[in-house]
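Single-letter residue listing:
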Amino acid sequence: MLYNPTESISPDIPVHGVHSSSDPANAPASLAQAEATFRRYFPAYARTCALDALRATEYARLDRAGHVYLDYTGGGLYADSQVRAHTELLLGNVFGNPHSTNPTSLAMTHLVEAARASVLEFFHASPDEYAVIFTQNASGALKLVGESYPFAPGSRYLLTFDNHNSVNGIREFARARGAQVIYAPVLPPDMYTDDEKLAAHLESADARAHNLFAYPAQSNFSGVRHSLEWIARAQSHGWDVLLDAAAFVPTSALDLSRYHPDFVTLSFYKIFGYPTGIGALLARKSALAKLHRPWFAGGTISVASVQSERYYLHEGSEGFEDGTLNYLALPAIAIGLRHIAGIGLETIHTRVHCLTCWLLNSLTALRHSNGAPLLHIYGPVTTHRRGGTITFNFYDPDGMFLDHRLVERRANAVNISLRTGCFCNPGGGELALGISAEELSSCFVRYDDRLTLDEFRRCIDDKSTGAVRISTGLVTTFADVFAFTQFAASFLDKRAADFWSDLA
Ligand SMILES: Cc1ncc(COP(=O)(O)O)c(C=O)c1O
């Protein structure tokens with residue numbers, strides 16, 4: 001696929017040392033020189049210096065092992081102190097299965113409820129308005145909504161093209177119950193929503209039916225922050241709103257006293273790294289009352305009878321938490337949230353914003369000797385309405401893309417952790433990479449059987465079927481992003497064909 005150049009942002013910030021390989025004036029700068037220039041242009045970065053201190057202490061294992069970690073959208077990192085505090089709590093106490101009246105159970109119940117309260121507090125959610133349901137991850141929270149939402153003939157499930165597969169998957173519940181599924185497009189190259197089309201879809205629903213609108217607060221593909229103003233607007237047209245906040249909340253404050261989505265889904269490991277295996281559905285109590293669970297399980301009922309085949313579901317959160325909670329891990333949620341609140345999301349946000357701006361400038365400035373750009377970024381090339389996730393492909397001087405698997409292999413070899421593929425966001429990938437509905441359908445039709453990813457790749461032909469994603473976060477340093485731009489520059493003036501043997 002030939003590269004289609006997009007406009008790059010105005011290079012008013014000198015990006016010392018990461019320009020075209022052909023320009024002798026741009027010989028590689030040292031890290032120290034580049035950082036000094038960066039700090040001059042981004043004075044706000046100095047306000048985030050507490051994070052450098054934390055990186056050197058609480059996250060020292062990164063530098064000890066020489067890691068350049070650029071996969072924060074994949075998973076956040078934990079501070080040593082989080083693990084220590086949690087371990088000390090477990091070693092210093094005896095905890096039993098919660099929700100009984102014995103002392104060890106009561107001690108645990110107390111901490112589970114404290115974890116719930118800390119989630120509400122962190123998101124400024126009123127306990128009168130919102131309930132917190134603990135799940136295994138964001139996908140578990142999304143499935144709870146999908147399987148329980150009262151979809152019926154006449155109702156609609158509206159979602160943006162740009163969504164994680166766990167949001168896309170809800171369409172199968174919707175379709176099975178006769179609801180109409182509608183995708184609202186996003187527009188390449190910036191990947192913002194097509195506002196006119198989205199507004200028209202929102203206005204066209206039958207307000208007497210149950211209609212669900214789902215979108216990500218931040219795209220895990222392009223980094224776009226989709227406007228939170230859509231929440232109230234959709235609700236005013238009779239929609240329930242499901243906000244997938246998984247990629248947004250690690251670097252931005254979500255204030256549920258200002259925005260009132262009906263359902264919010266997230267995974268805690270993305271915010272503070274530890275523990276994995278716990279996510280949450282924050283649901284407005286009025287919206288929760290609309291959901292009909294398709295089954296009952298241990299822990300979810302107040303009464304169930306075998307002989308009469310009847311049961312009563314618990315009201316509120318408990319009715320949605322199947323079986324025994326991951327109770328020993330739950331105190332680590334309160335510990336993690338305290339850790340983030342202590343740093344302040346504003347500080348994290350500022351840091352990610354400065355580093356992302358520098359990265360966008362530096363990466364778009366990379367040019368081969370013939371002037372052709374090295375990278376094509378899928379998403380905004382400015383920091384307007386975007387977070388710290390940047391997705392792109394590398395192109396050679398003739399405009400041939402470099403396979404993302406090759407880029408990942410080379411990054412692995414220099415201890416850079418990035419992610420490649422479509423990141424479970426096929427809609428974002430299909431639009432960004434220019435793969436048409438016809439091409440996709442013909443591959444699905446031509447091969448009735450399940451295709452492997454490689455077979456599908458061959459079917460799509462000469463198109464790239466994936467991309468490279470880097471993402472900054474809590475303890476990213478300038479040295480990390482500088483290391484990545486140096487790595488990227490190593491592809492300058494290389495031909496795609498030179499790498500074919502690497503992938504054989
Ligand atoms: C935007 C978004 N939504 C949902 C998910 C699913 O999260 P999990 O895999 O923790 O269930 C992810 C994971 O990357 C994501 O980025």
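Please refer to the structure higher up on the page.
No experiment lies behind these values; they were computed from the predicted model shown. All residue numbers here refer to positions counted from 1 along the written sequence of the relevant chain. With pLDDT at 70 or above as the cut-off, local features in this predicted model cover only qualifying residues; side-chain atom pairs require 80 or more to be listed or tallied, and sums for whole chains, interfaces and linings still use all residues. No hydrogens and no water enter the side-chain calculation; it runs on all heavy atoms of the structure.

**Student:** How would you explain the side chain of Thr-383 if you had to name every residue and give the values?
**Tutor:** Numbering of helices and strands runs from the N terminus, with a helix taken as a DSSP run of H or I at least four residues long and a strand as a DSSP run of E at least two residues long. Position of Thr-383 among the secondary structure elements: in the loop between strand S13 (375-377) and strand S14 (389-395). Per-residue accessibility, obtained with a 1.4 Å probe over protein chains only, is compared with the maximum for each type, and a residue is labelled buried under 20%, exposed over 50%, and partly exposed between these values. Under the relative-accessibility criterion, Thr-383 is labelled buried at 18%. Not counting residues within four places of it along the chain, the set of residues in contact with Thr-383 comprises His-353, Thr-356, Cys-357 and Leu-360. Whether two residues touch is decided by their heavy atoms; if any such pair falls within 4.5 Å, the residues are in contact.

**Student:** How would you summarise the site of the ligand if you had to cite specific residues and measurements?
**Tutor:** Definition of nearness: a residue and a molecule or strand are near each other if at least one heavy atom of the residue lies within 4 Å of the molecule or strand. Taken together, the residues surrounding the ligand are Asn-137, Ala-138, Ser-139, His-164, Asn-220, Asp-244, Ala-246, Ala-247, Ser-267, Tyr-269 and Lys-270. Within 3.5 Å is the distance limit for a polar contact, defined as a pair of N or O atoms, with the added protein rule that one can donate a hydrogen and the other accept it, and that residues adjacent in sequence qualify only through two side-chain atoms. In the model, an oxygen atom of the ligand is placed 2.6 Å from a nitrogen or oxygen of the Ser-267 side chain. Between the ligand and the protein, one listed contact pairs an oxygen atom with a side-chain N or O atom of Lys-270 at 2.8 Å. Computed with the Shrake-Rupley method and a 1.4 Å probe, the accessible areas treat only the protein chains shown as cover for residues. Here the ligand, which alone exposes 390 Å², has 89% of that area covered by the protein. The set of elements that each furnish at least two residues to the shell around the ligand consists of helix H6 (138-148) and helix H11 (269-272).

**Student:** Lay out the packing of helix H14 (residues 345-365) against helix H19 (residues 478-489) with the relevant residues and their values.
**Tutor:** Between N-to-C directions, angles span 0 to 180 degrees; the directions come from axes that are lines fitted to C-alpha atoms, helices contributing only their stretch in contact. Here H14 crosses H19 at 15 degrees, and the two axes come no closer than 10 Å. By the angle class used here, H14 and H19 are roughly parallel. Of the two possible hands of crossing, H14 and H19 adopt the one that is right-handed. Of the residues in H19, those touching H14 at Leu-355, Trp-358, Leu-359, Ser-362 and Leu-363 are Phe-478, Val-481, Phe-482, Phe-484, Thr-485 and Ala-488. Amino acids are sorted into nonpolar (Ala, Val, Leu, Ile, Met, Phe, Trp, Tyr, Cys and Pro), charged (Asp, Glu, Lys and Arg) and polar (every other residue, Gly among them). In terms of residue class, the contact of H14 with H19 is made up of 9 nonpolar, 2 polar and no charged. Small angles under 35 degrees read as roughly parallel and large ones over 145 as roughly antiparallel, with 65 to 115 read as roughly perpendicular and the rest as oblique. Definitions for this section: a left-handed crossing has its near helix turned counterclockwise from the far helix by less than a right angle. A right-handed crossing has that turn clockwise.

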